Number of protein chains: 2
Amino acid sequence: MKTPIDVAVTGAAGQISYQLLFRLAAGNFLGNDQPVILHLLEIPSAMDALKGIIMELNDCASPLLHRIEITDDPMVAFKNVDFAFLIGAKPRGPGMERRDLLADNANIFAHQGKALNAVARRDVKILVTGNPANTNALIAMHNAPDLKPENFSAMSRLDHNRGLAQLAEKCGVLPLDVKNMIIWGNHSTSQYPDLHHTKVKGQDALSLVDQRWFEQQFIPTVQDRGTAIIKARGQSSAGSAAHAALDQMRNWVQGTEAGDWVSMGVRSDGSYGIKKGLVYSFPVTIENGKVSIVQGLTINKFSAERMKASENELKEEREAVKHLLG
Amino acid sequence: MKTPIDVAVTGAAGQISYQLLFRLAAGNFLGNDQPVILHLLEIPSAMDALKGIIMELNDCASPLLHRIEITDDPMVAFKNVDFAFLIGAKPRGPGMERRDLLADNANIFAHQGKALNAVARRDVKILVTGNPANTNALIAMHNAPDLKPENFSAMSRLDHNRGLAQLAEKCGVLPLDVKNMIIWGNHSTSQYPDLHHTKVKGQDALSLVDQRWFEQQFIPTVQDRGTAIIKARGQSSAGSAAHAALDQMRNWVQGTEAGDWVSMGVRSDGSYGIKKGLVYSFPVTIENGKVSIVQGLTINKFSAERMKASENELKEEREAVKHLLG
C-alpha cells in the first residue's frame, strides 16, 4: 500500500466537512489504494461536535484512514500537509455588514496563511472553499511568502458543475456530454458563467439554446444557485460543495481530460486583461499538477463586460482587506 | 460505459440518505464506471426537502448519475430496481411505546414488501437499515412471497465496523489488521459482538486483550455506540451508517475476502440453533452474490447465552407483528 498522504480540513465540524470527511476516508479523493492521515482544525467551541464526528469516522473502520489528528491551532493542523481543504469561515450573521464579514474572515485566513507558510509541505495544494473564497485565498497567499502563489486556489468547481448540469438538462443530455464550460471571476453572484466556448456533444452550445435563455435563465440560475438551494433545503449546499471540492482537488492532482478544461480560482497573471495578482476564476488545463490558464479564447463585448464586473468586485474586496496583504 | 443499474433509496430526504446519495452519484457503490439511476422514495411531507437535495445531486454534474426519479409510491419507486436501500423508518417519538413503534414500522415495511414483490427485479438485493431493521426485514420478506428470502438482508455492518474499530484502537493496529469479527443477533443493544474467533494480525484477539475488557468495555461499547454518537453529536449516526450500508451492499455484490467474513442480518436456516426464519445477524461469506452462513464455529457457554438473549428479543418482536406475517 502507498505511503499515506496528509490532508488538512478546516471547519471540520461543519456541514460541508461532514460530507467531505467520510468521502476522504472512503478513498474518494485519490483512490482506494491511497491511505490518508486527516488533520482536522476547528475552533474550540466546536471541538465537542468534532469529537462526535471522529467517533463516526472511526466507526467506518476504513482501511484507508490511518490516523486522525484534531487541533484548534493551524500551526499543528498544517504540519507537513500535502493538501489543505480550507472550508471553515465565519458565516454572515444577522445585521452583519459585508465589510465586517470580509474583515473577520480576512483575519482567519491571514493567520492560516502564516501557518501554512511555516509548516506545510512546500508542494502543498490548498483549496479555499470558505467564503469569500477568492479573497480569502488572496489573503492566505499573501501571508505565505515562502510558498508559491501556485500552491493556492479558490473553489469555482461548484459553479462550474452547476453550469454543466443546467446546460445538460436544457439540452436533454448528460453532464458528461458538455465540455469547455467556463466560470469567470469571483465565487459570488458577480461570477460570469460563459457558454461561448462550450460544446454539447461536439456542437456549439449557443447554437443549441437561444440567447435569451442564456442571458435571462442560465446566467442568473448559476449565479444565484446557492440562494436557491438554501431556499429549497433550509440549509446551504453541503453535499454538492464537498463533491465539487473533491472534483477540483482531484483534477489538480490527476490533470484535466484532453480537449476539456475546468474552472478554477487562481492568481491572475494578467490573462484576458484581468488585473494581475487577483484570485480570479479562469478556464484552466492541468498536467502533472501544473495549472495553466487557457489562452487565446475570443472574448466578445458581452463577455468582456461581465468579466470586468466580477474583476471590479474582487478589486473592491481586495481594497477592503489591503491592510492584511503586506 | 456499462448499462446503468437501478437503485432505490427510501427515506431519501433523511440524514443517512443525504450522506448516501452523493456517494452513489460518485461511484462509491460499484465503481467509477458504473452509472446509476436513482429511484427515491419519500413521504409527501418530505417531498419539498427532497427536491432541494435533488438540486444538489444534479449540481454534482456526475458522469455516473444518469437519472433521478422521485415518488411517494413504493410501486413506482421499486419498479425494476436492482438494489434497494430501505433507510426510511418512523423514528420513535416522545412518549411512544416500543410496541407502537414496531407496529407503525411494520405497516410501512409490509407495504414496501408487497411493492418489491410486485415490481422489483427478481434478483433485487434489499438492505434494510431503518429500525427495527431485522424485524422490518422479516416483515418485508413475508410480504414478498414471489421473491426469495435471500433477496433480503438487515444491516449489521455498522455494528461490525464499530467492533473492528474498537478492537483495532485497543490493540494499536489499523482496522484492516482485524479479521473475523462477528456480530450475532439483532441490530439493537441485545446484539452480541463476539471476539472468540477474531484475529488481530493473525493472533487470537482474546489472547491480546483481557476478558474483563472484552466483557465490560468492548461488548457494551459496541452495543451502545448509537446512543453514544447521539450524545456526542446531538444527532444519530448518518455518515457512518451510510458508509456501512455501502460496505454491506458492496460485499454482497463483490464478495468477501478470502479468509475473512462479514456480519449480515439474514434469514436463519437454523444454524447455531437460532430459530429458523428469524432475520438474525450471522458471520457470512459471499461469493458471486450468494451469501453463506459460516458453519462449524465453536460456541462456548458465554457466547451461547448472549446469542440466545438476542434471539429471544427477535422472537418477541416477531410476536408483536405476527398479524403482518401472513
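Since the structure is predicted, the reported quantities are computational estimates derived from the model, not experimental observations.

(A) Representation of the relation of the copies chain B and chain A in the model. Each copy superposes on the other: chain B lies on chain A with an RMSD of 0.0 Å after a rotation of 180° and an axial shift of 0.0 Å. This pairing of chains is accounted for by a two-fold axis. Every residue of chain B has its C-alpha some distance from the rotation axis, and the shortest such distance is that of Gln19 of chain B, at 3.3 Å. The residues that chain B uses at the interface reappear at the interface of chain A in 100% of cases, marking a shared surface.

(B) Geometry of the interface of chain B and chain A. Across the contact, 39 residues belong to chain B and 39 residues belong to chain A. Across the chain B to chain A interface the summed buried area is about 3,300 Å²; carbon plus sulfur atoms make up 59%. Taken together, the links from chain B to chain A amount to six salt bridges. No other element matches helix α2 (residues 47-59) of chain B, which puts eight residues into the side of chain B that touches chain A. The residue inventory of the side of chain B that touches chain A, partitioned by class, reads 20 nonpolar, eleven polar and eight charged.

(C) Representation of the side chain of Ser263 of chain A within the structure. All names here are of chain A. Mapped onto the fold, Ser263 is located in strand β12 (residues 262-267). A polar contact of 2.9 Å, which involves the side chain of Ser263, links it to the backbone nitrogen of Ile183. Other than its neighbours up to four places away in sequence, Ser263 contacts Ser156, Arg157, His160, Met181, Ile182, Ile183, Gln248, Ser281, Phe282 and Pro283.

(D) Representation of the sheet that holds strand β7 (residues 178-179) of chain B within the structure. All names here are of chain B. Pairing within the open sheet is antiparallel, and its three strands lie in the order β7-β10-β11. In the strand order of this sheet, the two ends are held by β7 and β11 (203-204), each with one partner. Where strand β10 (residues 199-200) and β11 come together, two bridges link them in antiparallel fashion. In the strand pairing of β11, Val200 is matched with Gln203.

(E) Structural view of the pattern of salt bridges. Applying the stated criterion to the full structure yields 32 salt bridges over all chains. Residue Asp204 of chain A pairs with Lys199 of chain A through a salt bridge whose shortest N-O separation is 2.6 Å. When its relative accessible area of 41% is taken as the criterion, Asp204 of chain A is described as partly exposed. Taken together, the shared-partner salt bridges connect Asp59 of chain A together with Asp159, Arg162 and Arg225 of chain B into one network.

(F) Region of the structure containing the sheet that holds strand β7 (residues 178-179) of chain A. Overall, antiparallel pairing links the three strands, which are arranged β7-β10-β11 (chain A) in an open sheet. Among the strands making up the open sheet, the edge pair consists of β7 and β11 (203-204) of chain A.

(G) The arrangement of the packing of helix α4 (residues 98-119) of chain A against helix α5 (residues 133-142) of chain A in detail. Residue and element names in this part refer to chain A. Where α4 contacts α5, the axes come no closer than 7 Å and their chain directions differ by 40°. As far as their axial angle goes, α5 and α4 are oblique. As α4 runs across α5, the sense of the crossing is right-handed. Of α5, the residues touching α4 (which contributes Leu102, Asn105, Ala106, Phe109, Ala110 and Gly113) are Thr135, Asn136, Ile139 and Ala140. Classifying every residue of the contact of α4 with α5 gives six nonpolar, four polar and no charged.

(H) Local environment of the domain arrangement of chain A. Residues and elements named next belong to chain A. For chain A, the assigned domains are domain 1 (5-154) and domain 2 (157-319). A straight line from the C-alpha centre of domain 1 to that of domain 2 covers 23 Å. Between domain 1 and domain 2, the residue contacts involve 31 residues of the former and 31 residues of the latter. When the area that domain 1 buries against domain 2 is broken down by residue, the three leading residues are Arg23, Lys125 and Asn134, summing to 23%. Linking domain 1 with domain 2 are zero salt bridges. Along the contact surface separating domain 1 from domain 2 lie ten residue pairs in polar contact (both at pLDDT 80 or more).

(I) Spatial organisation of the packing of aromatic side chains. Tallied over the full model, the rule gives 20 aromatic pairs over all chains. Relative to Tyr272 of chain A, the ring of Trp184 of chain A lies with its centre 5.1 Å away and its plane at 70°, an arrangement referred to as edge-to-face. On the criterion of sequence distance, the pair formed by Trp184 of chain A in strand β8 (residues 182-184) and Tyr272 of chain A in the loop between β12 and β13 (279-287) is long-range, its members being 88 residues apart. Among the residues examined, Trp184 of chain A registers a relative accessible area of 0% and is labelled buried. Seen from their ring centres, Phe29 of chain B and Phe85 of chain B are 5.8 Å apart, and the 75° between their planes marks the pair as edge-to-face. Taken together, the residues span a long stretch of sequence, with Phe29 of chain B in the loop between α1 (15-25) and β2 (36-41) and Phe85 of chain B in strand β4 (residues 83-86) at a distance of 56 residues.

Cut-off values and rules
- Residues numbered from 1 in each chain as written.
- Chains lettered and ligands numbered in written order.
- Predicted model: local features only at pLDDT ≥ 70, side-chain atom pairs only at ≥ 80, totals over all residues.
- Heavy atoms only, no water.
- Least-squares fit on C-alpha atoms with pLDDT ≥ 70 in both.
- Contact = heavy atoms within 4.5 Å.
- Buried area = accessible area lost by both parts, 1.4 Å probe.
- Salt bridge = Lys/Arg side-chain N within 4 Å of Asp/Glu carboxyl O.
- Helix = DSSP H or I, 4+ residues; strand = E, 2+ residues; numbered from the N terminus.
- Nonpolar A, V, L, I, M, F, W, Y, C, P; charged D, E, K, R; others polar.
- Polar contact = N/O pair within 3.5 Å; in protein donor to acceptor, adjacent residues only side chain to side chain.
- Pairing = 2+ DSSP bridges.
- Buried < 20%, exposed > 50% of the residue type's maximum accessible area, 1.4 Å probe, protein only.
- Axes fitted to C-alpha atoms, helices over the stretch in contact; angles between N-to-C directions.
- Parallel < 35°, antiparallel > 145°, perpendicular 65-115°, else oblique.
- Left-handed = near helix turned anticlockwise from the far one by under 90°.
- Domains from an automatic or database assignment.
- Phe/Tyr/Trp six-rings, centres within 6.5 Å; stacked < 30°, edge-to-face > 60°.

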